[in-house]
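Chain by chain, the residues run as shown.
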Amino acid sequence: MTDPASAERPLLPTLRRFLPYLWPKDAPSLRLRIVGAMSLVVLSKLVQVYGAPFALQGAVDGMVKGDRSATTLILALVIGYGAARFGSVLFDNLRNAVFERVGQDATRRLAANVFRHLHQLSLRFHLERRTGAVTKVVERGTKSIDTMLYFLLFNIAPTILELALVVGIFATKFGGWLVTGTLVMVVVYIAFTRWVTDWRAALRTRMNDLDTGAVAHAVDSLLNFETVKYFGAEEREAKRYDAAMAAYAGAAVKSENSLAWLNVGQALITNVMMAFGMALIVLGWSRGEFTAGNVVLVSTLLAQLFRPLDLLGMVYRTIRQGVIDMGSMFDLIDTPSEVTDAPAAPALVVGKGHVRFENVRFGYDADRTILKGIDLDIPAGHTLAVVGPSGAGKSTLARLMYRFYDLTGGRIMIDGQDIAQVTQASLRAAIGIVPQDTVLFNDTIGYNIAYGREGATRAEIEGAARGAAISTFIEGQSDGYDTRVGERGLKLSGGEKQRVAIARTLLKNPPILILDEATSALDSRTEGEIQSTLEDIERGRTTIVIAHRLSTIVHADEIVVLEAGEVVERGTHAQLLRRNGLYAEMWNRQAQERADEDGVLAAE
Ligand SMILES: Nc1ncnc2c1ncn2[C@@H]1O[C@H](COP(=O)(O)OP(=O)(O)OP(=O)(O)O)[C@@H](O)[C@H]1O
C-alpha cells in the first residue's frame, strides 16, 4: 500500500521490528549462517581492497624500476591480482549461498506469523477488509524482506566497510587531502543521487497518472461512440485524446531524460574525484613522495568504490519501497484483536450444557442497538427455537454465543460460567453450528467432513457421513470420499453441502448445537429429509434453532419470537398459537403459503 501516511515511514523502527526474524533465538544454525555470510562479506572486501590494488601497484612499481631480474615476482603479483579479483567474486557468491536459507526462513516465519494473526483477528476485521487487499499487503511485505535484506547486508554494509578500509589506506599512505576529497565525494554523490531519485519518482508517478488518464479517456470515448456520432464530435474526441497523449509523451520524455541526468551527474562527481585523487598522487610523485604504482593503487581503489555506489539510486528506491511494504505488513500484525481472552482465563468446563442469556445487550455499531436486553434460559438437552422477522437479530445471537463480538451489556452463561471469562478456544470447542449457507473448502468431501475434528479416523468420518445421511451419495461417486467439491463447494447441491456441514458438526460432537436456518435454502422435500436428520442430532444436546420456516420448529421445548431485538413472545408452539399474537400470525401466513404451493403442485 502506498498511502501518503506510510510513505514517510522511518527506516530504523521498521528494521528493528524485523530484527528478531533475522536473528532467530531458537535457531542457532541460522545464526551461524548469518555469522558465516557476514564473515564472507568482510573477507571479500578485504581481498578486494588489499588484494588486487596492491598487487597491481607492486607490479607497476616493479616494472618502472626496470629490474628485469624481478620478473618472476612481478608475474606472481599479476597472477595474484587475478586471483584476488576472482576470490572477491567467489566469496560474494559463497556468501549468497550461505545466506539464502536465512532470508527464506525469515520470510517464512514472518508470513506464518501474519497468517496466524489474521485468523486471530475478529469477525469485524474480516468483514470490513477486502481479502484481496490483505493478501496483497502480506505478499508485498514478505517479498520486500528478501530484497531489503540483500541490499542492506550485501550492498550498503559492505560499501560502508569498503569506504572505511579505503579511507584508512588513504589516511596512512597519502594524507588528509585524499581522505577529505573521498569523503566529500561520497557525501555529494549520495545527496545528489537521493535528490534526483526523488525527483524521478515524482516524474514517474506523474507519467503513470497521465497514462492511466489517457487510457481511461480513450475507453470512455469509444464506449460512447454513439453519443460522439450524435454530436459529430469525432474530431473533438481525437483532439482531446491527442492532447492527453501529448501530456503523457512530455512526461515520458522528461522521465527518460532524468535518467540521463542521473547518470551524467554521477559520472561527473566520480570522475572529478578520480582526476583529483590521481592529480594529488602525481603532484606527490613530482615531489618524490609517491610512486607510479601509487597512481594505480588510488585509481583502482576509487574505481572499485564507485561500482556499488552506481547502484545507489536503485538501492535507495528499493529500500524506501521495502520499508513502506514491510510497514504495512507490521501494521497488520499490530492490528489488535477486538475479542481477547481475559488474563489467565480458564477453559470452559462443560457439564450438561445449560445455556443462559442474561439481559444481553449488543450493537455492531455504537449508534445502533441490535439486541435490547435478551433473557433466555435453555436447560441442558433442551431445544430453544428463535423465530422472528428478518433483521430481528436472530443470527446475532449465534455470533454472540461464539463470542465473535463482546456484549455491550449483560452476560451469556454456560453451566454457570460467563463465556467472556473463559478461553475462546474452549468456548468454541463446546459449540457446533450448522449455518444457513455452508461454504466448503475447495478440497475433497472427506477433507471437508474431517475438518470437524482434527485427527478423526476414516471410520469416524464415515460414521458422521452416515449420521448426516450423506454416505450413500458419497459412496455413489466414482471418487467416493475423495470427490472434490470445487470452489466454495459449488459442485455440490445446497442439500448435499448442508449434509456435509451436518456431518462435520457431528464429528465435532459438541454438547451445544446451533442450527442457524440450516434448512432455509433448501426446497421443501430436501428440507423434510434433512429435518429428520437434524432432529436426531439435537437429541441429548442443548440446541438453539434459528428458523424461518415455523414448520421446522414445532417440536422445540420453547419458542421465542424476536422482533427488533426484543423477545415479544415466548412459549411452546401450542401456547403461542393460543396466544394469537405475532407467532400465530406468522404461522397462519406460512400455512396459507404451504397450501397455495400444494395447490399449484396439484394443478400441475
Ligand atoms: N457485521 C455487521 N455489522 C453491522 N450490522 C450488522 C452486521 N451483521 C448484521 N448486522 C445488522 O444487525 C441486524 C440483525 O442481523 P441478524 O443477522 O442477526 O438478523 P436476523 O434476524 O438473523 O435476520 P435474517 O432472518 O434475515 O437472517 C440487521 O439489521 C443487520 O443489518
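Above this text is the structure in question.
All values reported here derive from a predicted model rather than from experimental measurement.

Moving on, we get to unusual backbone geometry. Even without being glycine, Asp-415 reaches a positive phi, approximately 45°. One can find Asp-415 in the loop between strand E4 (409-414) and strand E5 (417-418). Even without glycine at this site, Ala-469 takes up a positive phi of about 55°. You can see Ala-469 is positioned in the loop between helix H15 (458-467) and helix H16 (471-476). Owing to a relative accessible area of 45%, Ala-469 belongs among the partly exposed residues under this scheme.

Turning next to the site of the ligand. Taken together, 15 residues lie around the ligand, and Arg-368, Ser-390, Lys-394, Ser-395 and Thr-396 are the ones closest in. Here Lys-394 contributes a side-chain N or O atom positioned 2.8 Å from an oxygen atom of the ligand. Within the side chain of Glu-517, one N or O atom sits 3.2 Å away from an oxygen atom of the ligand. Protein burial of the ligand: of its 640 Å² of free accessible surface, 70% is covered by the chains. No other element matches helix H12 (residues 394-401), which puts four residues into the shell around the ligand. Residue composition of the shell around the ligand, by class: six nonpolar, five polar and four charged.

The two faces of a sheet get side chains in turn, since along a regular strand they alternate between them. Relative to strand E2 (residues 371-378), strand E1 (residues 355-362) runs antiparallel, the two sharing six bridges. When the sheet's bridge partners are listed, Phe-357 is paired in E2 with Leu-376. Direction of pairing for E1 relative to E4: antiparallel, over a ladder of five bridges. Following the sheet pairing, Glu-358 is matched in E4 by Arg-411.

We now examine the sheet that holds strand E8 (residues 542-546). The strand order E6-E7-E8-E3-E9-E10 describes an open sheet built from six strands, whose pairing is mixed. If you trace the sheet from one side to the other, it starts and ends with strand E6 (431-434) and strand E10 (566-571), each paired once. Across the sheet, the mean angle separating the axes of adjacent strands is 20° when strand polarity is ignored. As judged from the five bridges shared by strand E7 (residues 512-516) and E8, these two strands associate in the parallel manner. When the sheet's bridge partners are listed, Ile-514 is paired in E8 with Ile-544. Strands E6 and E7 of the sheet are contacted by helix H17 (residues 494-508), whose axis makes an angle of about 170° with E6.

Criteria and cut-off values
- Residues numbered from 1 in each chain as written.
- Predicted model: local features only at pLDDT ≥ 70, side-chain atom pairs only at ≥ 80, totals over all residues.
- Heavy atoms only, no water.
- Helix = DSSP H or I, 4+ residues; strand = E, 2+ residues; numbered from the N terminus.
- Buried < 20%, exposed > 50% of the residue type's maximum accessible area, 1.4 Å probe, protein only.
- Near = heavy atom within 4 Å.
- Polar contact = N/O pair within 3.5 Å; in protein donor to acceptor, adjacent residues only side chain to side chain.
- Areas by Shrake-Rupley, 256 points an atom, 1.4 Å probe, with all protein chains shown as cover.
- Nonpolar A, V, L, I, M, F, W, Y, C, P; charged D, E, K, R; others polar.
- Pairing = 2+ DSSP bridges.
- Axes fitted to C-alpha atoms, helices over the stretch in contact; angles between N-to-C directions.
- Contact = heavy atoms within 4.5 Å.

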